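The chain contents come next:
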Amino acid sequence: MAGASTRSGMSAALTLIGKRFASSLLTLLLVSMTIFVIAQLLPGDAAQEALGQSATPEQVAALRHEMGLDRPAHVRYVSWLAGMVSGDPGQSLVANMPVSEVIAERLPNSLLLAALSALVALPVALAIGIGSAMNRGGRIDRALNIVTLSMVAVPEFLVATIAVLIFSVKLRWLPSIAMASSDMGWGDYLRGVAMPILTLSVIVIAQMARMTRAAVIDQMDRPYVEMAVLKGVAPVRIVLRHIMPNAIAPIVNAMALSLSYLLGGAVIVETIFNYPGLASLMVNAVTSRDMPLLQACAMIFCAAYLILMLIADVTAILANPRLRAQ
Amino acid sequence: MGNAFQRAKALPLSGKVGLALVIFWLAVALFGPMLAPYPVGAFVAYDVFDAQSAKHWLGSDYLGRDVLSRLLSGARYTVGLAAAAALLASTTGTALALTAAVGGSKVDEPLSRFMDMLISIPSKIFSLVLVAAFGSSLGLLLLIAAFTYVPGNYRIARALAVNLAQMDYVQVARARGEGRFHIAIAEILPNMIHPLLADFGLRFVFIVLLLSGLSFLGLGVQPPDADLGSLVRENISGLGEGALAILAPAVAIATLTVGVNLLIDAIGFSGKGKGR
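As the structure is a prediction and not an experimental result, all values here were calculated from the model.

### Section: the overall build of chain A
Okay, step 1: The helix and strand tally for chain A stands at 13 helices and zero strands.
Okay, step 2: Counting from the amino terminus, chain A carries its helices and strands in the arrangement α-α-α-α-α-α-α-α-α-α-α-α-α.
Okay, step 3: Across the 326 residues of chain A, 46% fall into the buried class.

Following this line, the structure appears as structure tokens:
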């Protein structure tokens, strides 16, 4: 493929992207099977769960039939998958309304929280990562290394607790519970979600900065950078003009990996601040063993993760001049 | 022993701090409950969310129990569960990786594809599904945490083992007619033990954070047992007044995980692989 002529370069890239896309779809399919199988392994079943211990076997059998639980597992899997794809993943057992409606209410909140956190985290993380790479081995670099190394290992609820203590208990600037509703203005909304965003960003920034630093330093050791240094190119120019174009793929990869962390971190952060998002919905689904809802939430999180990884890989393919050349 | 001491002396300051924290928490997990000034479940203070005092070094919790005593006992759950789960995850992942490395592509291909699939399920989401399906007794939590982090260990161990399997000395062993089991255990494993130990430390950190997170959500260790995450959860009503009862266990978890991280970093192994 490296020997491909420049004209076929673009089509080679497209083929690669197509293959990568297909493999993501296949992975998602396998993930859906895994989640379905695990969710169906629970002792007892949803019908028994819904009716409680006092139900007669006939009642349970009738409800099982009504819910379609008496069909063989592979039939249930196919109909569940078909439902997921067509946007109807079944009925939520606890809320007693379609899963799609429950999720439709929460998903925009989560996406907004993730987007705002990313917006805060990306520039800070890039600045820290590139800054400490340029100062490699120096005092600032070593200090930042210790700080980010510690931040990646701190539990979210400690960051959240400290944020609440500072900003809502001591300074009384922000509410300690996240408010988010459609009838709020932007100012109120931002005040309401400032602390969840802060908490999520802190840990994402630490992770992303570390990976960005590693990506930039990896390039700094290459001969072409040494050449530029010997030519007397200014350090800032070396980073921006020489290193960055080559480090884009690993940096985007780092961003995608860190942002995928937002998915898991949101589980704790949404719960501690009572934020009405998808992750806290999923926690409720676990507590109430609402399997249809849980499966749908899990699939959304997995799909989001796979999409992020896909974006990272496609960027890497497009950033490779051998494939991009037209 | 003298060798270990000299190595510890050669560590940079951050590594010494990390080592001290790790030793401290191991000691607390082993001996802490014996030093507890009060029984774990006893109501000993008249006020809830007391500040620190001579009688209660870390104040009292939401029911008027001694926070220090509960913390000492909670640390044993957190450290013990996480260490056992990390050990189980690492041994399982490494055993599978060695099997893949010496088993040829017929074993390697399907196993690696399967692990790649598992690794693309975010770990917190995966463990939530597992908890919903199986419940969260202590034994199950251990298994769930271990299972969640097997794929990550497998990926790293396999990369190491496949590289080693191509080395000349392994080829020589093969030509000598050594069995696959001997090659995996006696030839390959000893040469990957160092990075594997560092990976074990990382798994331990991930699992501490995962289990505390689950307990914090009320889905982990169940009362009357309590790990450090449960302590944060049960005292969450003290957040508004900045109670020591909620800060102390949260800071305890952080010092434990940060300590392990600092130590691994100072020993000089760049941890690659999926983050938490």
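### A few points about the interface of chain A and chain B
Okay, step 1: Residue-level contacts link 47 residues of chain A with 44 residues of chain B.
Okay, step 2: Summed over both sides, the interface between chain A and chain B buries roughly 3800 Å², with carbon and sulfur atoms accounting for 80% of that surface.
Okay, step 3: Summed over the shared surface of chain A and chain B, the number is one salt bridge.
Okay, step 4: Measuring nitrogen to oxygen at the nearest pair gives 3.2 Å for the salt bridge that ties Lys 124 of chain B to Glu 156 of chain A.
Okay, step 5: Secondary-structure elements contributing two or more residues to the side of chain A that touches chain B are helix H1 (6-40), helix H6 (139-151), helix H7 (156-170), helix H8 (186-220), helix H10 (235-272), helix H11 (278-287) and helix H12 (291-319) of chain A.

### What about helix H8 (residues 180-188) of chain B?
Side chains of residues three or four places apart in an α-helix project in the same direction, reflecting 3.6 residues per turn.
All names here are of chain B.
Okay, step 1: For H8, the set of buried residues is Ile 183, Ala 184, Glu 187 and Ile 188. Relative to the axis of H8, the buried residues are bounded by an arc of 115° and lie together on one face.
Okay, step 2: The secondary structure elements touched by the buried residues of H8 are helix H3 (67-103), helix H6 (138-165) and helix H7 (168-175).

### Quick look at the state of the cysteines
Residues and elements named next belong to chain A.
Okay, step 1: Under the criterion given, the structure shown has zero disulfides over all chains.
Okay, step 2: In this structure Cys 297 is not part of a disulfide, and its nearest cysteine sulfur, from Cys 302, lies 11 Å away.
Okay, step 3: Cys 297 sits in the buried class, given a relative accessible area of 0%.

### Here's the deal with the environment of Phe 301 of chain A
Okay, step 1: For Phe 301 of chain A, the position within the fold is in helix H12.
Okay, step 2: Overall, the relative accessible area of 6% leaves Phe 301 of chain A in the buried class.
Okay, step 3: Spatially, the C-alpha atoms of Phe 301 of chain A and Ala 279 of chain A are 8.8 Å apart, while their sequence positions differ by 22 residues.
Okay, step 4: When neighbours within four sequence positions are excluded, Phe 301 of chain A is seen to be in contact with Leu 263, Leu 278, Ala 279 and Met 282 of chain A together with Pro 122 and Ile 125 of chain B.

Criteria and cut-off values
- Residues numbered from 1 in each chain as written.
- Chains lettered and ligands numbered in written order.
- Predicted model: local features only at pLDDT ≥ 70, side-chain atom pairs only at ≥ 80, totals over all residues.
- Heavy atoms only, no water.
- Helix = DSSP H or I, 4+ residues; strand = E, 2+ residues; numbered from the N terminus.
- Buried < 20%, exposed > 50% of the residue type's maximum accessible area, 1.4 Å probe, protein only.
- Contact = heavy atoms within 4.5 Å.
- Buried area = accessible area lost by both parts, 1.4 Å probe.
- Salt bridge = Lys/Arg side-chain N within 4 Å of Asp/Glu carboxyl O.
- Arc of directions from axis to C-beta.
- Disulfide = S-S within 2.5 Å.

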